[in-house]
Structure formats: structure tokens, C-alpha cells
Amino acid sequence: MNSVEIAVLPVGGLGTRFLPATKSVAKELLPVVDRPLLQYAVDEARAAGIRQFVLVTARGKASLADYFDVPGELIRVLEERGKSAELEILRATQLDPGAVITTRQQQPLGLGHAVWCARHVVGRRPFAVLLPDELLWNPSRPCLVQMVEAWRTTGGNMVAVMEVPLEHVNRYGIVDPGRAVGLLTEVRGLVEKPAVDQAPSRLAVVGRYILQPEVMDVLAQGRRGAGGEVQLTDAMAELIGRQPFHALRFLGERFDCGDKAGHVIANVALALERPDIGPAVRAWLAQRLGVPG
Ligand code: G1P
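Residues numbered from 1 in each chain as written. Predicted model: local features only at pLDDT ≥ 70, side-chain atom pairs only at ≥ 80, totals over all residues. Heavy atoms only, no water.

Scanning the chain for helices and strands turns up 11 helices and 13 strands. In summary, the chain has a C-alpha radius of gyration of 20 Å against a globular reference of 19 Å for 293 residues, a match within 12%. In terms of overall dimensions, the chain has C-alpha extents of about 60 × 50 × 40 Å along its principal axes. For the chain, buried positions account for 46% of its 293 residues. Nonlocal contacts in the chain, meaning residues at least 24 apart in sequence, comprise 75% of its contacts between residues at least 6 apart. Total accessible area on the chain is roughly 14,600 Å²; 52% of this is exposed by carbon and sulfur atoms. (Helix = DSSP H or I, 4+ residues; strand = E, 2+ residues; numbered from the N terminus. Rg over C-alpha atoms; globule rule 2.2 N^0.38 Å. Buried < 20%, exposed > 50% of the residue type's maximum accessible area, 1.4 Å probe, protein only. Contact = heavy atoms within 4.5 Å. Areas by Shrake-Rupley, 256 points an atom, 1.4 Å probe, with all protein chains shown as cover.)

Put into C-alpha cells, the structure is as follows:
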């Protein structure tokens, strides 16, 4: 099978870093400029050919499934008022009927457990995982597009990686790199949140995965790893040597929107790229920072 049709989006997190906003707004619906983080992930996946989306939600996060409803009343009002630009925004974000399937993670037992909660929907086919907190930005060749292209030649499992500063390796899944050809590197090992002096490299997994269904069998064992959680990284590590496993260096910009500073930076960066608001934001920033605009 040389295509990936289904993506799992783990969206059950509490979003405590964004309190008080996340008292009533799911963190995945926080906007960067005007689009929710979730929409960026869905658009990236659609560009890569994904047609089915599994949202792994949790208690209190039903708004994430509601987001994909067709807002009939709003559409009627916009039609009456002749608001064609707004109608086009809604049309462009509408997914096929039945394309979104939700399942729940009943307890917060870790990312690996969240992915495993999607096993009945995924079945025995390769699947993608996208963490919407990570906004990977390359509008002409989105990250998952880059991955699917590379994966068509390698098969097996693949993660997107970026080099991070040494002092940050303990925040990520880190790759033990093998032979590299171009942007692709064989993965010899994977370790979740290693101590700075024990990290095998500075190549961090940045929230995009193409995985074989066998990872679900490993996750089914429910073994706990770093932080007492069922780690996706540990389950993937068990597949190394049994199946091809590659890391692809992602070409583009990465914004860690699970972090307040990263979220603000993403807003500024993407606002500057917008033809409608970019000039005003640039002028204000230049004045504020005392640099030529
Ligand atoms: C998760 C993964 C980690 C990965 C990171 C990317 O960690 O467990 O391997 O590098 O996402 O954002 P979390 O950020 O949920 O702690």
C-alpha cells in the first residue's frame, strides 16, 4: 500500500498552559491569526491526500467535533447579506460528510495511549499522526506532503524531525540517527525526553508521524515510560529493526503553539505574511522596536 488515507489527531489535552482561555475553549481551537490550530493540521493532512480524520478527544472537548459541522444558520445569514468572501472561507474548510470520526481517551494516560484509542477506526493500514500544537509551516510543500513523498520510496515508519538546541532535547522524542541520504536518515533508536547529557542527537520529533498498524499492537501492552505515561516514542522504538524506520528533516518553519511564546510568535509570523494585515503589523512592530519598517 503506497498511500496514507487516515490521520489520527490526538486532541484530548487539558491545555493548562493556556488557562484561563482553555476553561471554555479547547486549545486546538485557539487561532493563529484567524484559523484554529486544528484547521492548520487538517489542511496540511488534506494536502497530503488524507481523507479521514480521527479526533481523539476527551471529556469537555466536544466543541472540537462541533467545529466540523456545517453552520447552516450562519450560512443563510451570510447568503442573505451577500457575504461571498466569508462563505468561501466556510466552503473551503468543509470536510466530506463522515470524514471526521471521534473517539475518546477516557483517561489522560499519554500520547501513546491516545493514539491506541484510535485503533478500531484505523484498522490494519498505515496512518498519519499530527499533533496540532505543532504548527509546521511550509505553505507550498506542507510537512506531511514532504513525508508522504519520501515514504512512498521507503515504506515503513517515518517521523518528521528538526534540530533543536541541546538544552531543549529533554522536551522531545529524540532520534538516534543512522545512515543519512539527503534529508532522510535511518532511525537506529528513539528516546523520549532524554537528559541533555544522554541524548543521542539533537534531532527532535516534531509531531508528525507515518506509522504502520503494528505500532498499535505494541501500544496494546500499555507499558509506561517517561513521566509514567504510555509513550508513542517507546512503542515506535520497538518497531526499529522489524520494519524500515526513517526520519525526514522537515523543510519549513516550526512554531511550538503548545507554548505561550511560540503561539504569539506564530501569530506574528503568519500575520506578517498576510497581504491584508501584514503591512499594518509590520509598521507597528517596526515602530515599537525602533527599527526601520
Ligand atoms: C510529544 C511527544 C514527543 C514529541 C513532541 C513534539 O511530547 O511525546 O516525542 O517530540 O510531542 O511536540 P509532548 O509535547 O506531548 O510532551
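Next comes the rest of the description.
Let's shift gears to the site of the ligand. Every residue close to the ligand is listed here: Leu111, Leu131, Glu134, Tyr172, Gly173, Glu192, Lys193, Val205, Gly207, Tyr209, Gln231 and Thr233. Burial of the ligand by the surrounding chains reaches 73%, relative to a free accessible area of 380 Å². Its atoms largely coinciding with the cavity grid, the ligand occupies the largest pocket. Top contributing element to the shell around the ligand by residue count: strand S11 (residues 203-211), with 3 residues. (Near = heavy atom within 4 Å. 1 Å grid on protein atoms, 1.4 Å probe; cavity = no way out; pocket = protein on both sides within 12 Å on 5 of 7 lines; lining within 4 Å. Sits in = over half its atoms within 2 Å of the grid points.)

Buried together is how nonpolar side chains tend to be arranged in soluble globular proteins. Ranked by size, the top nonpolar core spans 36 residues in total, and within it Leu9, Leu38 and Leu144 carry the most contacts. Breaking this core down by element, the ones donating at least two residues are strand S1 (6-10), helix H1 (37-47), strand S4 (52-57), strand S6 (127-130), helix H7 (143-154), strand S8 (157-163) and S11. Apart from residues lying up to four places away in sequence, Leu144 is in contact with Glu44, Ala45, Ala48, Ile50, Ala128, Leu130 and Ile210. Membership of the second largest hydrophobic core comes to 32 residues, among which are Val129, Val175, Val215 and Met236. (Core = buried A, V, L, I, M, F, W, Y, C linked by side-chain atoms within 4.5 Å.)

Now for the packing of helix H10 (residues 260-273) against helix H11 (residues 278-289). The N-to-C vectors of H10 and H11 enclose an angle of 125 degrees; their axes lie 6 Å apart at closest approach. When the interaxial angle is binned, H10 and H11 end up oblique. Between H10 and H11 the crossing geometry is left-handed. Across from Val268, Ala271 and Leu272 in H10, the residues of H11 making contact are Gly278, Val281, Arg282 and Leu285. Tallied by class, residues from the contact of H10 with H11 come to 5 nonpolar, 1 polar and 1 charged. (Axes fitted to C-alpha atoms, helices over the stretch in contact; angles between N-to-C directions. Parallel < 35°, antiparallel > 145°, perpendicular 65-115°, else oblique. Left-handed = near helix turned anticlockwise from the far one by under 90°. Nonpolar A, V, L, I, M, F, W, Y, C, P; charged D, E, K, R; others polar.)

This paragraph deals with the pairing of S8. Of all 7 residues in S8, 6 are buried; the element is thus mostly enclosed. Judged from the 5 bridges that link them, S8 and strand S12 (residues 245-249) form a sheet pairing that is parallel. Counterpart to Ala160 in the pairing with S12 is Leu248. Looking at chain direction, S8 and S11 are connected through 5 bridges and run antiparallel. The residue of S11 that forms the bridge with Met162 is Ala204. (Pairing = 2+ DSSP bridges.)

This next bit is on the pattern of salt bridges. For the coordinates displayed, the defined rule picks out 17 salt bridges. The salt bridge involving Arg274 is made with Asp34; its shortest N-O contact spans 2.9 Å. On the criterion of sequence distance, the pair formed by Arg274 in the loop between H10 and H11 and Asp34 in the loop between strand S2 (31-32) and strand S3 (35-36) is long-range, its members being 240 residues apart. One salt bridge connects Arg188 with Asp176, and the closest N-O pair in it is separated by 3.3 Å. Highlighted residues: Arg188 in strand S10 (residues 184-192) and Asp176 in strand S9 (residues 173-181), separated in sequence by 12 residues. Asp176 sits in the partly exposed class, given a relative accessible area of 23%. (Salt bridge = Lys/Arg side-chain N within 4 Å of Asp/Glu carboxyl O.)

Structurally, Thr154 can be placed in helix H7. By relative accessible area, Thr154 is classed as buried at 17%. For Thr154, the contacting residues outside a window of four places in its chain are Leu184, Pro244 and His246.

Below, the discussion takes up the environment of His113. Locating His113 in the fold gives a position in helix H5 (residues 111-116). Residue His113 is classed as buried on the basis of its relative accessible area, which comes to 14%. Put simply, His113 and Gln231 are 118 residues apart on the chain and 7.3 Å apart in space, counted from C-alpha to C-alpha. Here His113 is in contact with Gln105, Gln107 and Val230, once residues within four sequence places are set aside.

Here we take up the environment of Glu273. Topologically, Glu273 is positioned in helix H10. Its relative accessible area of 44% is what places Glu273 among the partly exposed residues. Expressed as a C-alpha distance, the spacing of Glu273 and Arg202, which sit 71 residues apart in the sequence, is 29 Å. The contacts of Glu273, once residues within four sequence positions are left out, are Trp137 and Glu253.

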